[in-house]
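These are the residues of each chain, in order.
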Amino acid sequence: MLASCRAEGSQADIHPIRDAAVAWKDGVIKWVGPESRVPAQYHSQQIYSAGGCVVVPGLVDCHTHLGFGGWRADEFEQRLRGVSYLEIARAGGGINRTVAQTREASDETLLDHCLQKIGAMIRLGVTTVECKTGYGLSEESEMQMLRVYRRLRERQPADVAVTFLGAHVVPPEFESARGAYIDLLCDTLIPVIAEQHLAEFCDVFVEDTAFSIQEARTILETGQKYGLGSKLHVDQLRDGAGASLAAEMKAVSADHLEYTSEAGIAALAEAGVVGVCLPLATLYLGQQPMPARKFVEAGVPIAVATDFNPGSAPSYDLPLAMMLSCTMNGLTPAEALKGATLFAARAIGRESVAGSIEEGKRADMAVLDVKDINDWMYHFRPNMCVGTYIRGLPIA
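This report concerns the structure included in the present document. The model shown is predicted, which means the values in this text are computed figures rather than measured ones. Throughout, residues of each chain are indexed from 1 in the direction in which the sequence is written. Note on the predicted model: pLDDT of at least 70 is required for a residue's local features to be given, and 80 or more for side-chain atom pairs to be given and counted; whole-chain, interface and lining totals, by contrast, use all residues. As a rule here, side-chain values come from all non-hydrogen atoms in the structure, and water together with hydrogens is ignored.

## Focus on the sheet that holds strand E9 (residues 201-205)
Let me state the cut-off plainly: Here, any two strands with at least 2 DSSP bridges between them count as paired. Numbering of helices and strands runs from the N terminus; a helix is a DSSP stretch of H or I covering at least four residues, while a strand is a stretch of E covering at least two. Each axis is a line fitted through C-alpha atoms, taken for helices only over the stretch in contact, and angles between the N-to-C directions span 0 to 180 degrees. It only takes one pair of heavy atoms within 4.5 Å for two residues to be counted as in contact.
If you trace the eight strands from one edge of the open sheet to the other, you get E6-E7-E8-E9-E10-E11-E12-E13, paired in parallel fashion. With partners counted over all chains shown, the strands left at the sheet margins are strand E6 (59-61) and strand E13 (302-304), one partner each. Ignoring strand direction, the axes of neighbouring strands in this sheet form an average angle of 25 degrees. Summarising the sheet, strand E8 (residues 159-167) and E9 pair through three bridges and their orientation is parallel. Among the inter-strand pairings, Ala167 is bridged to a residue of E9, identified as Val204. Across the sheet, helix H4 (residues 107-123) lies against E6, strand E7 (126-132) and E8, angled at about 145 degrees from E7, the strand it touches most.

## Digging into the side chain of Lys132
What counts is decided by this rule: Buried residues are those whose accessible area, probed at 1.4 Å on protein chains only, stays under 20% of the maximum for their type, while exposed residues exceed 50% and partly exposed ones sit between those limits. The definition of a polar contact used here is a pair of N or O atoms within 3.5 Å, where within protein one atom must be able to donate a hydrogen and the other to accept one, and adjacent residues in sequence count solely through side-chain atom pairs.
Here Lys132 lies in strand E7. Relative accessible area serves as the criterion here: at 0%, Lys132 is assigned to the buried category. Among the polar contacts listed, one links the side chain of Lys132 to the side chain of Glu130, at a separation of 2.6 Å. In terms of polar contacts, Lys132 uses its side chain to reach the side chain of Asp203, at 2.8 Å.

## A look at the pairing of strand E11 (residues 253-256)
Spelled out, the test is: When the strands point away from the viewer and the connection leading from the first strand across the helix to the second strand turns clockwise, the crossover is called right-handed.
Strand direction decides the pairing type here: strand E10 (residues 229-234) and E11, joined by four bridges, are parallel. What sits directly across from Lys231, in E11, is Ser253. Between the parallel pair E10 and E11, the chain is carried across by helix H8 (residues 242-248), and the sense of this crossover is right-handed. Pairing analysis gives three bridges linking E11 to strand E12 (residues 274-277), with the strands arranged parallel.

## Comments concerning the pattern of salt bridges
To keep it simple, the criterion reads: Criterion for a salt bridge: a side-chain nitrogen of Lys or Arg within 4 Å of a carboxyl oxygen of Asp or Glu.
Applying the stated criterion across every chain, the model contains 22 salt bridges. The shortest N-O distance in the salt bridge between Glu8 and Arg6 comes to 2.9 Å. Residue classification places Glu8 among the partly exposed residues on the basis of a relative accessible area of 44%. The class of Arg6 is partly exposed, set by a relative accessible area of 25%. Between Glu130 and Lys132 there is a salt bridge whose closest N-O contact spans 2.6 Å. One salt-bridge network, in which partners are shared between bridges, spans Arg153, Asp159, Glu200, Arg350, Arg362 and Asp364.

What follows is the structure, given as structure tokens:
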């Protein structure tokens, strides 16, 4: 069975084709349909067999903080002992701790880290990855990470979408001068990043320990002025009206959404913003899960991603996040698959080239040793991907 995951229909419509075949040339899909109907022009081409396995579009992880220095395993223990995420952050841990570790890391250390992790993601069937900055939070360190991501694109086969998250938190040296830090983002970093084509999106974390609605609006408006799409971390720890801001800004995605109000859900639906479900962060932080079923029923397309980072989601296992989106967030296995393919591609502006198996798109596919999609999510095992194809080439 092949799940093509086209845009037509609902979140649950994955458009399965039994006894399917796919033909591609130069990395682009030319034909897909039942094997019995393969056009004659492709009969003499090299054949790859899926061996009776299930074939799905290459998975898209549309929210990761891939590049960082150091880990925070001790904070994991603190949270298990009852210390909250906000308490850890206010005591100097959390994001600011990773900022200090990242600033100390060399280009090569950061690149090696990214290559190792993205290689493991490819073996899980992931073919497109969004990578955020946000652990440098200085002009020098943010630019360093952006240059590392540019090299990452050149050193491995997966597609990499880069997001500038200079507005992750206000770094310690600007605690008493928030306005000066926002000026640095808007007057210096965003113009240079846009001019050098180092990122496609600008992201802001809206939260009590990060940025306010008005600060986020200012930063995103600047990004849009310079051609960067808008993304937002919102409503993760409380309802901060972030979803409504995402709708107002016509953001490509609003991510987290654990505490989004009914009004916020309606605003996202009306604006066509993709909501991104991040169950690994919910699991690690012991939070209220995002009510994904409410979003789907309201007409909000829901993507599923890992939020891979060293603090609140230290796992890059997208199939695991998909399974958790079923058990914790109320998605069905088919809805989770569409959320990790087509809708995830839409959340990073890749829906025209990735996220589904159809003519004109990249030949990015994952071959799964499972009976069907329900079996994959229900009988969860470490890795059921037995083949990853990127632009038509077998990679893993």
